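Listed here are the chains, written in short residue letters.
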Amino acid sequence: MIVETRNEKETFKLGYSIGKKAQAGQIYTLTGDLGVGKTIFTQGLAAGLGIEEPVNSPTFTIVQIYEEGRLPFYHFDVYRIGDVEEMEEIGYEDYFYGEGVCLIEWANLVEEILPRPVIAVLIEKNLEKGFDYRKITIDGMDESIQTEVNSEQEEENENIGN
Ligand code: ADP
Ligand code: MG
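Residues numbered from 1 in each chain as written. Chains lettered and ligands numbered in written order. Predicted model: local features only at pLDDT ≥ 70, side-chain atom pairs only at ≥ 80, totals over all residues. Heavy atoms only, no water.

(A) Spatial organisation of the pairing of strand β7 (residues 134–139). Relative to β7, strand β1 (residues 2–5) runs antiparallel, the two being bridged by four bridges. Each residue of the ladder has a partner; that of threonine 5, found in β7, is arginine 134. Sheet analysis places strand β6 (residues 119–125) next to β7, joined by six bridges and oriented antiparallel. The residue of β7 that forms the bridge with leucine 122 is threonine 137. (Pairing = 2+ DSSP bridges. Helix = DSSP H or I, 4+ residues; strand = E, 2+ residues; numbered from the N terminus.)

As structure tokens, then:
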């Protein structure tokens, strides 16, 4: 599915809508250039899982663990990773094959250890459509969830301007 957003709040709300429906064992991969909105999307997804503490990109650790939500949430940011061996050192398999929800920013950098299937989220800018425009392409999400997310997005759009 493809969703277009026009500001940070819309991207957050998309993440939120998906987070509310996230299921144990799912792995979300996030790809897109620096500053495109991966962390904003992640913050929305975490909020949708019921996590209230602030979620930011883990800077000194590869993974940040949140256990206060509806499901455990494992937020990876592998931007600074040198080698996938670093993933082994933190015991990534416990998270990838565990009972929580994993989300990996810059997942393309650890492509070789990603299990299948994943839910792949690609965020892209298009400056011709404006500085804050983002095209968000999501692959691998259940049809039924897509339908729900779409209708929530439409409701959101109708509310704009009210
Ligand atoms: P990343 O994690 O991909 O490096 P961030 O989520 O940290 O990026 O930052 C995205 C930046 O882009 C924020 O400053 C945010 O305000 C801005 N922004 C502008 N428009 C959007 C949009 N439509 N969706 C998400 N972020 C947006
Ligand atoms: Mg980030």
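(B) A look at the site of ligand 1. Neighbouring ligand 1 are 16 residues; Glu8, Thr11, Gly35, Lys38 and Asp132 lie closest to it. Glycine 37 has a polar backbone atom sitting 3.1 Å from an oxygen atom of ligand 1. Taking isoleucine 40, its main chain carries an N or O atom lying 3.0 Å from an oxygen atom of ligand 1. For ligand 1, the accessible surface in isolation is 570 Å², of which the surrounding protein chains cover 77%. A molecule is said to occupy a pocket when more than half its atoms come within 2 Å of that pocket's grid points, and by this definition ligand 1 occupies the largest pocket. Listed by contribution, the elements that provide at least two residues to the shell around ligand 1 are α1 (8–21) and α2 (38–48). Looking at the shell around ligand 1 element by element, the count peaks at three residues for α2. (Near = heavy atom within 4 Å. Polar contact = N/O pair within 3.5 Å; in protein donor to acceptor, adjacent residues only side chain to side chain. Areas by Shrake-Rupley, 256 points an atom, 1.4 Å probe, with all protein chains shown as cover. 1 Å grid on protein atoms, 1.4 Å probe; cavity = no way out; pocket = protein on both sides within 12 Å on 5 of 7 lines; lining within 4 Å. Sits in = over half its atoms within 2 Å of the grid points.)

(C) Quick look at the coordination of the magnesium ion (ligand 2). On the protein side, the magnesium ion (ligand 2) has Thr39 (OG1) and Glu105 (OE) as donor atoms, found 2.2 to 2.4 Å from it. In this pair, threonine 39 is assigned in helix α2 and glutamate 105 in strand β5 (residues 101–105), connecting sequence segments 66 residues apart. Relative accessible area serves as the criterion here: at 2%, glutamate 105 is assigned to the buried category. (Donors = N, O, S within 2.8 Å, 3.2 Å for Na, K, Ca; no water. Buried < 20%, exposed > 50% of the residue type's maximum accessible area, 1.4 Å probe, protein only.)

(D) Summary view of α1. The end-to-end C-alpha distance of α1, which contains 14 residues, comes to 21 Å, matching closely the 20 Å that a straight helix rising 1.5 Å per residue would cover. For α1, the complete set of buried residues consists of Glu10, Thr11, Leu14, Gly15, Ser17, Ile18, Gly19 and Lys21. Buried residues along α1 sit against β1, β2 (27–31), α2, β7 and α5 (143–159). Residue asparagine 7 occupies the N-cap position of α1, its side-chain oxygen lying 3.1 Å from the main-chain nitrogen of lysine 9. (Expected span 1.5 Å × (residues − 1). Contact = heavy atoms within 4.5 Å.)

(E) A look at the side chain of serine 17. As for its position among the elements, serine 17 is in helix α1. Apart from residues lying up to four places away in sequence, serine 17 is in contact with Val149 and Glu152.

(F) Representation of the packing of aromatic side chains. Under the criterion given, the structure shown has six aromatic pairs. Centroid distance tyrosine 74 to tyrosine 95: 4.8 Å. Interplanar angle 55 degrees. Geometry classified as tilted. Here tyrosine 74 is found in strand β4 (residues 73–77), whereas its partner tyrosine 95 is found in helix α4 (residues 92–96), with 21 residues between them in sequence. For tyrosine 74, a relative accessible area of 10% translates into the label buried. Where phenylalanine 76 meets phenylalanine 96, the ring centres are 5.4 Å apart and the plane angle is 70 degrees; that geometry is what we call edge-to-face. Of this pair, phenylalanine 76 sits in strand β4 while phenylalanine 96 sits in helix α4, and the two are 20 residues apart along the sequence. For the pair phenylalanine 76 and phenylalanine 96, a shared accessibility class is recorded, and that class is buried. In textbook terms, an aromatic cluster arises when at least three aromatic residues are bridged by ring pairs, as seen for Tyr74, Phe76, Tyr92, Tyr95 and Phe96. (Phe/Tyr/Trp six-rings, centres within 6.5 Å; stacked < 30°, edge-to-face > 60°.)

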